[in-house]
Amino acid sequence: MSNLLESIIRPEILALSAYHVPPAKGMIKLDAMENPYTLPLILREEISQLAEDAHINRYPDPGAASLKVALKDTLSIPSEMAIMLGNGSDEIIQIIALATAKPGAVLMGVDPGFAMFRIIATFCGMSYVGVPLATDFSLDLDAMLAAISQHQPAVIFLAYPNNPSGNLFDAEAICRIIEATPGIVIVDEAYHAFADATFMDILTQYPNLLLMRTLSKLGLAGLRLGLLVGRPEWLAQLEKLRLPYNVGIMTQLLVERVLQHYDILLEQAASIKAERTILRARLATMGSIEVFPSDANFVLFRLNEAGRIFQELQQHGILIKNLDGTHPLLKDCLRVTVGTSDENTQFCKTLRRILERPLLLA
Ligand SMILES: *Cc1c(COP(=O)(O)O)cnc(C)c1O
């Protein structure tokens, strides 16, 4: 069997480890940057009505025209820009990689960065180059410019704010990168709702700049909708790779309806930002924890024995993300998603108890 696998499956796939999602049943789930709040009952009732009336025996509108109009209005997308929709922005990353994967083509990101950039580049047959960030997780512009000149990347992905560090990179530095690279730059604004900065207004200034957003972190992770905003010329090429019915009818209908109540999502994002401030402050008082700044809906922090603490939290029913061992800059780092006030309190209490308990030497 293993000989057969190895003769059929591409070597870069054999070498890849699958994106791991740990089981979370019954846990306080603070690992995946989900919005912890539900929608108001009245909106959920509207949604059930939409589900009841939906023509699920028919294929969805392949161009999702009506939803795109709603997105353009709600997200203040410049009128001269086009939109491409994906089954989550992960699918958009894949479409971009498929379109640009000429032999030897390079997809560049920063390390530590969003893991899917490397995984998707690899399975689409591109070389992934991750340029190390500075120790404070800021962009190392000189290193980026040197790597661009050396590798001539077809595509650069920059998450703004960055995951897993949570910070916004210097916008000026990103502009220098856009100007210096021979290829395209995708600014990935997955965490836009929790930051006060965007490249949306800058889009028209650069012919090689595209902007990606997702509704996942804003509260609709289960519906899977990501979008790419850019010049029609670029999107017309990428559209050729998008499978015709990648965004299902329920997603189209429900997202369009929720967008009519976008203020609710923004209020929830505002609550998450307020909770983020409280959470960071609490972590900072726990002595021996280094808390990093965040413009996203999660907080990165460093403490001794991160691996053990992560496991003990898990044993106490709290799931966060252990980043220790994934990159040298993330040594002893954990990442916690901002949850509800109760969830955050529970997390902080449990963490404090674990930290204060005298170590029993076995
Ligand atoms: C979560 C995340 C995405 C993917 O979101 P989708 O759910 O696939 O839309 C993309 N980029 C970054 C940086 C993320 O953290």
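Located above this text is the structure these notes cover.
How each quantity is defined
- Residues numbered from 1 in each chain as written.
- Predicted model: local features only at pLDDT ≥ 70, side-chain atom pairs only at ≥ 80, totals over all residues.
- Heavy atoms only, no water.
- Pairing = 2+ DSSP bridges.
- Helix = DSSP H or I, 4+ residues; strand = E, 2+ residues; numbered from the N terminus.
- Contact = heavy atoms within 4.5 Å.
- Axes fitted to C-alpha atoms, helices over the stretch in contact; angles between N-to-C directions.
- Parallel < 35°, antiparallel > 145°, perpendicular 65-115°, else oblique.
- Left-handed = near helix turned anticlockwise from the far one by under 90°.
- Nonpolar A, V, L, I, M, F, W, Y, C, P; charged D, E, K, R; others polar.
- Near = heavy atom within 4 Å.
- Polar contact = N/O pair within 3.5 Å; in protein donor to acceptor, adjacent residues only side chain to side chain.

### A closer look at the sheet that holds strand S10 (residues 298–302)
By way of backbone hydrogen bonds, the strands of a sheet pair with one another, either parallel or antiparallel.
Okay, so step 1: Taking strand neighbours across the sheet as the criterion, the four strands line up as S9-S10-S13-S12 in an open arrangement whose pairing is antiparallel. Each edge of the sheet is formed by a strand with only one pairing partner; in this case those strands are strand S9 (290–291) and strand S12 (321–322).
Okay, so step 2: Relative to strand S13 (residues 333–337), S10 is paired through five bridges, and the arrangement is antiparallel. Its bridge partner lying in S13, Arg302 is registered against Cys333.
Okay, so step 3: Strands in contact with helix H13 (residues 306–315) are S12 and S13; relative to S13, the strand with the most contacts, it is inclined by about 35 degrees.

### Observations regarding the packing of helix H5 (residues 89–100) against helix H6 (residues 115–123)
Okay, so step 1: Look at H5 against H6: their axes get within 9 Å of each other, and the N-to-C directions meet at 40 degrees. In terms of axis orientation, H5 runs oblique to H6. In this structure, the crossing between H5 and H6 has a hand that is right-handed. Residue-level contacts link Asp90, Ile93, Gln94 and Ala97 of H5 to Met116, Phe117, Ile120 and Phe123 of H6.
Okay, so step 2: Looking at the contact of H5 with H6, its residues break down into six nonpolar, one polar and one charged.

### Regarding the site of the ligand
Okay, so step 1: Contacts to the ligand come from 13 residues, most closely from Asp188, Tyr191, Thr214, Ser216 and Lys217.
Okay, so step 2: Contacts to the ligand include Thr214, whose side-chain N or O atom sits 2.5 Å from an oxygen atom.
Okay, so step 3: Put simply, the parts of the chain that give the shell around the ligand at least two residues each are H5 and helix H9 (216–220).
Okay, so step 4: Among the residues making up the shell around the ligand, the classes are represented as four nonpolar, five polar and four charged.

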